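If you want the building blocks of each chain, they are given just below.
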Amino acid sequence: MNTSLLDRTVNKRPDMVHLQGRILFLTEDPELIKCQLAGEDLPWDTQHPERNPKLRDDISTDEITPAHICFFFDETLGDFPYLGLKCGNEMPIKRYDVKRGGFVCAVSGKRRGKGSSREASPYAEMCAGIKLVIAENIERIYKQNCQNLGVLTSTDFALIDNIRRGEEIPLREFTAGEDEITRQVIEYGGLFPFNVARMQGKVFLPPITTKPRPMTISEKIFARHMLHDTNKVGVEAVKPGDSGFARTDLRFSHEYITPMASIFFEHFLGKDAKVTDPSTIMFFRDHLTFLDEVLSEEKRKMGLLDLAGQLKLKQEAFAKAQGIKLHGELSDRKGSEGICHSIVTESYALPGQLNVGSDSHTPHVGSMGCVAFGIGTTDVFNAWFTKDVRVKVPESVKVIIRGRKRENVAAKDYILKLLSLDYIRHGHALAKVIEYSGEAIEALGVDERATMTNMAAEIGGFTGIVAPDRKTVEFLMERRGMSENEAQTLIEGLYSDGDAHYAHVIELDAAEIYPMIATPGDPGNGKFVRELNTPVPVEIAYGGTCTAGKNEDMDMYALVLSDALRQGRRVAASCKFYLQFGSQETREYCVRKGYLDIFERAGAQVIEPSCGACINAGPGVSTRPDQIVISAQNRNFPGRSGPGQMYLASPLTVAASAIAGYIVEYEPAGEREPATVA
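In this text the structure is predicted, and so the values were computed from the model without any measurement.

## What about the packing of aromatic side chains?
Each aromatic ring pair is described using two quantities: the centre-to-centre distance and the angle formed by the ring planes.
Phase 1 of the analysis: With the rule as written, the count across this model stands at 24 aromatic pairs.
Phase 2 of the analysis: An angle of 80° between the planes, with centres 6.1 Å apart, marks the rings of Tyr 589 and Tyr 595 as edge-to-face.
Phase 3 of the analysis: Classification of Tyr 595 by relative accessible area gives buried; the value is 9%.
Phase 4 of the analysis: Taken together, the ring pairs connect Tyr 123, Phe 192, Phe 264, Phe 268, Phe 381 and Phe 385 into an aromatic cluster.
Phase 5 of the analysis: Taking NZ or CZ as reference, Lys 220 lies 4.0 Å from the ring centre of Tyr 495, over its face.

Rendered as structure tokens:
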């Protein structure tokens, strides 16, 4: 513990909140936004909401702070909020607009803050003057990041009238319905002052008194990791709604987040402060390795390439000073060791652990049968010295996929189907654990399970998890060199009780799922490929990232491309096909399997590991609004991977479409006549 914190003065917020300023309504109509930026206040009828203009739904953190804006990691972010916000066919908000407008509150529709866990988004809003965010519902990580920074959140649109009348609002309006710990975090104005008060014994930590009960696998793991009042780890049982602090097994962050977290750490704890247990912390250089190949001249002139380089240097310096393991860039060629949660899954995570990472796709690691979830910058730097994270035990949604999948269907098709369901599209699964089960899930290897748990982030879930089984044991034996007995021991007791309670159960039949795509704009825009009315030509096909750069993904690309070669076909002349490994381990796997030769002969361009195109920072990004891309990555939010139109699909569909030059289902060789090769 940093003993200097015991003498730090820390006070609560006043009981009454006075929000003095204008309200920015983020509407679908760009002209209405321009009017507000020009100084005109938009009328709003809280009594008859049907009379109001339509608010933007599904505002992602990519739109609040586009990837290149996150190269800034200080108060400069306040110049840029909503720079990527797409309204109609326009992006009406420019640099300085929000800060100049004198706005104190921003209002939007459903699923505010979906997508990336980047705390740069609420931090940018805060630095621009936004003190309150109002939306119909708010994504978990974004909401928690707001609370950690001291930005207020609400789903009560009646507050609009209070602000416009200049009335003080009781602080309890923003704490109502929250658990005891979250209430106190809000009252103290953020997570760090709360943790200082916690160390000084000024806050109330409710004991977890839940008696033994049937539990889900995630509840069992939470129970093993929750702290109780004697600061020991582990309680008898938990239930949804129990809140407290959970001891972490692993904490990791990447170069987008580590620099800001280190600045916060040094500012609040002192330049000489040390992290707690550096052996359980890891840093990764995985997002921006190929940025120089795609960054526009305009952005270079803004100094963004140099700024991005500072992220790397700041992370390296902090890692060295703190004795923290850094998985960095390659020394002999361009590329990185791998993507953070890919490496954690392959090399570090164990069944039954509780792991946290600075990336919203940290649930990827849940494929190992552990609870793994994304956290924001403030949570990261606090966890460095407390070694725990604030947790409210979430409800669980059980997804059962029965039966046997079709040959041309992959885990990505399952998840795109789930994302298209009304229950998920309407936000009912927000902040819940997504537990995958059923014969079709059990048939998947750990890599394919990782696609499912990874994209629990797109569902808006707290995390995703698959109970460990024989496939997990085999993975640990093959990838970690464990003995069968050692691996089997790790998974004992890690299953959901038969009578455990679920908030909702979704059942699907694998045989009824055909190859899927998500049309541009949102991963929830799913439909069967066969439902496309007209051929959709593609200029770029991309297979890679954490979601689709694993060993089993490479098996799928190689299957389709080798099949094509036997048919005398290659990647279509009208299409560029990029394949990017998620880690060096996967690259080495492809070397052993002879895949690099197949990829080259078929006309695919192979790229060393990095997040790359998925974060608009590597080959495979679009460069024109009319350019059509088919990608196996996890997100297709507006502007995330360039200005083009991105369709999401499985590795099988992406590779087949690259060969055809337009979006098609993969047809296994046994289902068609071989072509005659001249």
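Let us keep going from here.
## Some remarks on the side chain of Ser 562
Phase 1 of the analysis: By the secondary structure assignment, Ser 562 is in helix α24 (residues 551-566).
Phase 2 of the analysis: Polar contacts involving the side chain of Ser 562 include one to the main-chain carbonyl oxygen of Ala 558, which spans 2.7 Å.

## Topic: the environment of Val 371
Phase 1 of the analysis: Secondary-structure assignment places Val 371 in strand β12 (residues 371-374).
Phase 2 of the analysis: Sequence-wise, Val 371 and Ala 261 are 110 residues apart; in three dimensions their C-alpha atoms are separated by 23 Å.
Phase 3 of the analysis: If sequence neighbours within four positions are ignored, Val 371 has contacts with Ser 218, Ile 221, Phe 222, Gln 353, Leu 354, Asn 355, Thr 463 and Ile 465.

## Observations concerning the pattern of salt bridges
Phase 1 of the analysis: Tallying each qualifying case throughout the model produces 49 salt bridges.
Phase 2 of the analysis: Between Asp 41 and Arg 22 there is a salt bridge, and its shortest N-O distance comes to 2.8 Å. Highlighted residues: Asp 41 in the loop between α1 (30-37) and α2 (61-64) and Arg 22 in strand β2 (residues 22-25), separated in sequence by 19 residues.
Phase 3 of the analysis: Exposure remark for Asp 41: the relative accessible area of 44% places this residue in the partly exposed category.
Phase 4 of the analysis: We classify Arg 22 as buried; its relative accessible area is 17%.
Phase 5 of the analysis: Among the salt bridges present, the one from Glu 136 reaches Lys 110, with a minimum N-O distance of 3.4 Å. Within this pair, whereas Glu 136 is found in the loop between β4 (132-134) and α5 (140-149), its partner Lys 110 is found in the loop between β3 (103-107) and α4 (120-127), the two being separated by 26 residues in sequence.
Phase 6 of the analysis: The exposure class assigned to Lys 110 is partly exposed, which follows from its relative accessible area of 33%.
Phase 7 of the analysis: By sharing partners, the salt bridges in this structure join Lys 12, Glu 180, Arg 183 and Glu 187 into a single network.

## Considerations on the packing of helix α8 (residues 180-188) against helix α9 (residues 191-199)
Phase 1 of the analysis: Two numbers describe how α8 lies on α9: the axes approach to 7 Å, and their chain directions differ by 110°. Between α8 and α9, the angle is such that the two are roughly perpendicular. Contact residues: α8 offers Ile 181, Gln 184, Val 185 and Tyr 188, while α9 offers Leu 191, Pro 193, Phe 194 and Ala 197.
Phase 2 of the analysis: Here the contact of α8 with α9 is built from residues that sort into 7 nonpolar, 1 polar and no charged.

## Remarks on the pairing of strand β15 (residues 433-437)
Phase 1 of the analysis: Counting buried positions along β15 yields 5 of 5 residues, so the element is predominantly enclosed.
Phase 2 of the analysis: Across the two faces of β15 the burial is the same, with Val 433, Glu 435 and Ser 437 and Ile 434 and Tyr 436 all buried.
Phase 3 of the analysis: Strand direction decides the pairing type here: strand β14 (residues 396-402) and β15, joined by 5 bridges, are parallel. Pairing of Ser 396 across the sheet is with Val 433, part of β15.
Phase 4 of the analysis: Across 4 bridges, the pairing between β15 and strand β16 (residues 463-466) is parallel. Across the sheet, Tyr 436 pairs through a bridge with Val 466, a residue of β16.

## Let's talk about the sheet that holds β3
Phase 1 of the analysis: Across the sheet, which stays open at both edges, the 4 strands sit in the order β2-β3-β4-β5 with parallel pairing between neighbours. Edge positions in the open sheet fall to β2 and β5 (152-154), since each of these has one partner strand only. Taking the axes of each pair of neighbouring strands and ignoring which way they run, one obtains an average angle of 20° across the sheet.
Phase 2 of the analysis: Sheet strands touched by α1: β2 and β3. Its angle to β2, the strand with the most contacts, is close to 160°.

## Looking at the layout of surface pockets
Phase 1 of the analysis: Considering only enclosed or pocket space, the second largest pocket measures out at about 790 Å³ in volume.
Phase 2 of the analysis: Forming the boundary of the second largest pocket are 32 residues, of which Arg 140, Lys 143, Glu 178, Lys 392 and Ala 431 lie nearest the centre.
Phase 3 of the analysis: Breaking the lining of the second largest pocket down by element, the ones donating at least two residues are α5, β5, α7 (172-175) and β13 (388-392).
Phase 4 of the analysis: Here the element with the most residues in the lining of the second largest pocket is α5; it accounts for 4 residues.
Phase 5 of the analysis: Counted by class, the lining of the second largest pocket contains 9 nonpolar, 11 polar and 12 charged residues.

Calculation criteria
Residues numbered from 1 in each chain as written. Predicted model: local features only at pLDDT ≥ 70, side-chain atom pairs only at ≥ 80, totals over all residues. Heavy atoms only, no water. Phe/Tyr/Trp six-rings, centres within 6.5 Å; stacked < 30°, edge-to-face > 60°. Buried < 20%, exposed > 50% of the residue type's maximum accessible area, 1.4 Å probe, protein only. Lys NZ or Arg CZ within 6 Å of the ring centre and 35° of its normal. Helix = DSSP H or I, 4+ residues; strand = E, 2+ residues; numbered from the N terminus. Polar contact = N/O pair within 3.5 Å; in protein donor to acceptor, adjacent residues only side chain to side chain. Contact = heavy atoms within 4.5 Å. Salt bridge = Lys/Arg side-chain N within 4 Å of Asp/Glu carboxyl O. Axes fitted to C-alpha atoms, helices over the stretch in contact; angles between N-to-C directions. Parallel < 35°, antiparallel > 145°, perpendicular 65-115°, else oblique. Nonpolar A, V, L, I, M, F, W, Y, C, P; charged D, E, K, R; others polar. Pairing = 2+ DSSP bridges. 1 Å grid on protein atoms, 1.4 Å probe; cavity = no way out; pocket = protein on both sides within 12 Å on 5 of 7 lines; lining within 4 Å. Points joined across faces, edges and corners; volume = space filled by probe spheres on them.

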